[in-house]
Amino acid sequence: MRKLFLTSVAVLALSSAAQAANTSTVLQLGFANGSSVNQQGTVNDSSTTTQLGIFNGASTMQGTTTPSLNNGSTVTQVGAVNSATTGQVGLFNNTSGITQQSIGNPPSNSAAVGQLSIIFGVNSSTVVQH
């Protein structure tokens, strides 16, 4: 009976945690845009950042303090100077996409991605710069 009770508690804990996901959507239109997203969920973290301006800076950290199961991040920037940094630590899968469109000449785009999958998951990163 004791084992059955402990198993029930464990299943209840897993069910509660499965719903504890973080979702972030950021839209910035301005001369200078700065965004810092810090998601430390235990299950799934998802973030979308869009910046349209002259100076754009975005930082997205997911699971870097408390690893989550899966992380997904998308950053889109259109401006004269664009900078984006993404850090992801997940038990399984990490996906990052950064798209930067520089409206200046010469283009000024900077992107950095760091990904760690703890249990042999998949790390996927796409960076597109114009």
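Higher on the page you've got the structure.
This one's a predicted model, so the numbers in the text were calculated from it and none came from an experiment.

About the criteria used
- Residues numbered from 1 in each chain as written.
- Predicted model: local features only at pLDDT ≥ 70, side-chain atom pairs only at ≥ 80, totals over all residues.
- Heavy atoms only, no water.
- Helix = DSSP H or I, 4+ residues; strand = E, 2+ residues; numbered from the N terminus.
- Buried < 20%, exposed > 50% of the residue type's maximum accessible area, 1.4 Å probe, protein only.
- Contact = heavy atoms within 4.5 Å.
- Areas by Shrake-Rupley, 256 points an atom, 1.4 Å probe, with all protein chains shown as cover.
- Polar contact = N/O pair within 3.5 Å; in protein donor to acceptor, adjacent residues only side chain to side chain.

A few words now on the overall build of the chain. Check the secondary structure of the chain and you find one helix and eight strands. What you see in the chain, going N to C, is helices and strands ordered as α-β-β-β-β-β-β-β-β. Within the chain, the proportion of its 130 residues that are buried is 30%. A fraction of 46% describes how many contacts in the chain between residues 6 or more apart in sequence connect residues 24 or more apart. Entry remark: accessible area of the chain is about 7200 Å², with carbon and sulfur atoms responsible for 63%.

A word on the side chain of S102. Inspection of the secondary structure assignment puts S102 in strand β6 (residues 81-102). Reaching out from S102, the side chain makes a polar contact with the backbone nitrogen of G104 at a distance of 3.4 Å. Leave out the neighbours within four places in its chain, and S102 touches G79, A80, N82, P107, S108, N109 and H130.

A few words on the environment of S73. The residue S73 is located in strand β5 (residues 68-79) in this model. Remark: the alpha-carbon pair of S73 and T95, spanning 22 residues in sequence, is separated by 6.3 Å. Apart from residues lying up to four places away in sequence, S73 is in contact with S47, T60, Q62, T86, Q88, T95, S96 and G97.

Relative to the helices and strands, Q51 resides in strand β3 (residues 44-52). Of the residues examined, Q51 reaches a relative accessible area of 0% and is grouped as buried. Reaching out from Q51, the side chain makes a polar contact with the side chain of Q77 at a distance of 2.8 Å.

That bond from N105 to P106 is cis: its omega, 5°, falls within 30 degrees of zero. Counting through the fold element by element, P106 comes out in the loop between β6 and β7 (109-117). Despite not being glycine, F120 shows a phi value in the positive range, around 50°. Residue placement: F120 occurs in the loop between β7 and β8 (123-129).

Take the environment of I103 next. Relative to the helices and strands, I103 is located in the loop between β6 and β7. Taking the C-alpha atoms as reference points, I103 and V78, separated by 25 residues in sequence, lie 7.1 Å from one another. In contact with I103, not counting residues within four places along its chain, are G53, I54, V78, G79 and A80.

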